[in-house]
Each structure stands twice: as structure tokens, then as C-alpha cells.
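Take a look at the letters that make up each chain.
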Amino acid sequence: MSKAKLEAARELIKDKQYAEARAILRTMPKDPTAQRWLTKLDEIAPEVEFPSERKSSAAGFVLGLFSLLAFVAAVFSVLFLLSDPDFLNALYVVIAVGLAIVFRALRARMG
């Protein structure tokens, strides 16, 4: 059985179908030949990071920006209570610009 799997993996490697070959080789964790081939595959064709992994880090980035923006808005709101009505208009501008920056950063990071 493992000989057939190795042969199938060899054919896939020849055809440069590295992900499929890796999938077969990973089903043989105790086979030394399969493990050597996996190591060699990592050298000649490293695995590619999938966009979904980047999206999760982008989501964390945006969450951090939203948290920062909410904190700043809260501080300004408290200061507004001690200030004049013109300050409220300035606060709205700061919040709108902050949201625009956050959404633009999200769009750029999500591709």
C-alpha cells in the first residue's frame, strides 16, 4: 500500500502538483521515505499562505483600530461635556475621518 502511495506522490511531484503530493505523503507519518520527500518538497516548493489566514489577521488589525477609535471617541465625549457645542462638531469630524481610515485600511488588507 505505501509503495503505491509513494508512486502516486512521485507522479504528482513530476507533474509539479505539490499540494496533492503533500496530501498523500502526510498520510504516511511513519514512512521515512515519505518524510524525506516532504522535507524535500518544503525546500523546493514551500507551502503558500492562503488568503483566509491573511483575512483573520486583517480582522484583528481592524478590531484593534475600532477599539482605539472607540476609546478616542469616549475621551472626546467626556471632554465635550466640559466644553462648548463647537467641540461636538469637531468630534464628529474626527470620528468620521477615523472610520474612513479604518475602512480604507481594511479594504487594503483584505485585497
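The preceding data block contains the structure.
Below: a short report on this structure.

### Concerning the pattern of salt bridges
Alright, step 1. Taken as a whole and judged by the stated rule, the model has five salt bridges.
Alright, step 2. Here Glu-7 and Arg-10 are joined by a salt bridge, their closest N and O atoms 3.7 Å apart. Of this pair, Glu-7 and Arg-10 both sit in helix H1 (residues 2-14), three residues apart, which is roughly one turn of that helix.
Alright, step 3. Judged by its relative accessible area of 38%, Glu-7 is partly exposed.
Alright, step 4. With a closest N to O distance of 3.3 Å, Arg-22 and Asp-42 form a salt bridge. One end of the pair, Arg-22, is in helix H2 (residues 18-25); the other, Asp-42, is in helix H3 (residues 32-44), with 20 residues separating them in the sequence.

### Observations concerning the packing of H2 against H3
Alright, step 1. Packing of H2 against H3 leaves a shortest axis separation of 10 Å and a crossing angle of 155 degrees. Classified by the interaxial angle, the pair formed by H2 and H3 is roughly antiparallel. With respect to the hand of their crossing, H2 and H3 are arranged in left-handed fashion. The residues of H3 that touch H2, namely those facing Tyr-18, Ala-21, Arg-22 and Leu-25, are Ala-34, Gln-35, Trp-37, Leu-38, Leu-41, Asp-42 and Ile-44.

### So, a nonpolar patch on the surface
Alright, step 1. A cluster of nonpolar side chains, namely Leu-68, Phe-71, Val-75 and Leu-79, defines an oily patch on the protein surface of about 380 Å² accessible area.
Alright, step 2. Within the fold, Val-75 resides in helix H4 (residues 51-81).
Alright, step 3. On the basis of relative accessible area, Val-75 is assigned to the partly exposed category, the value being 36%.

### Thoughts on unusual backbone geometry
Alright, step 1. Not every positive phi belongs to a glycine, and Lys-16 is a case in point at roughly 60 degrees.
Alright, step 2. Here Lys-16 is to be found in the loop between H1 and H2.

### Topic: the environment of Thr-27
Alright, step 1. With respect to the secondary-structure elements, Thr-27 resides in the loop between H2 and H3.
Alright, step 2. Judged by its relative accessible area of 46%, Thr-27 is partly exposed.
Alright, step 3. Of note is the side chain of Thr-27, whose polar atom sits 3.3 Å from the side chain of Lys-5.
Alright, step 4. Reaching out from Thr-27, the side chain makes a polar contact with the backbone oxygen of Ile-24 at a distance of 2.5 Å.

About the cut-offs
- Residues numbered from 1 in each chain as written.
- Predicted model: local features only at pLDDT ≥ 70, side-chain atom pairs only at ≥ 80, totals over all residues.
- Heavy atoms only, no water.
- Salt bridge = Lys/Arg side-chain N within 4 Å of Asp/Glu carboxyl O.
- Helix = DSSP H or I, 4+ residues; strand = E, 2+ residues; numbered from the N terminus.
- Buried < 20%, exposed > 50% of the residue type's maximum accessible area, 1.4 Å probe, protein only.
- Axes fitted to C-alpha atoms, helices over the stretch in contact; angles between N-to-C directions.
- Parallel < 35°, antiparallel > 145°, perpendicular 65-115°, else oblique.
- Left-handed = near helix turned anticlockwise from the far one by under 90°.
- Contact = heavy atoms within 4.5 Å.
- Patch = residues over 30% accessible without salt bridge, like charges linked within 9 Å, V, L, I, M, F, W, Y side chains within 5 Å.
- Areas by Shrake-Rupley, 256 points an atom, 1.4 Å probe, with all protein chains shown as cover.
- Polar contact = N/O pair within 3.5 Å; in protein donor to acceptor, adjacent residues only side chain to side chain.

By themselves these figures say nothing about function.
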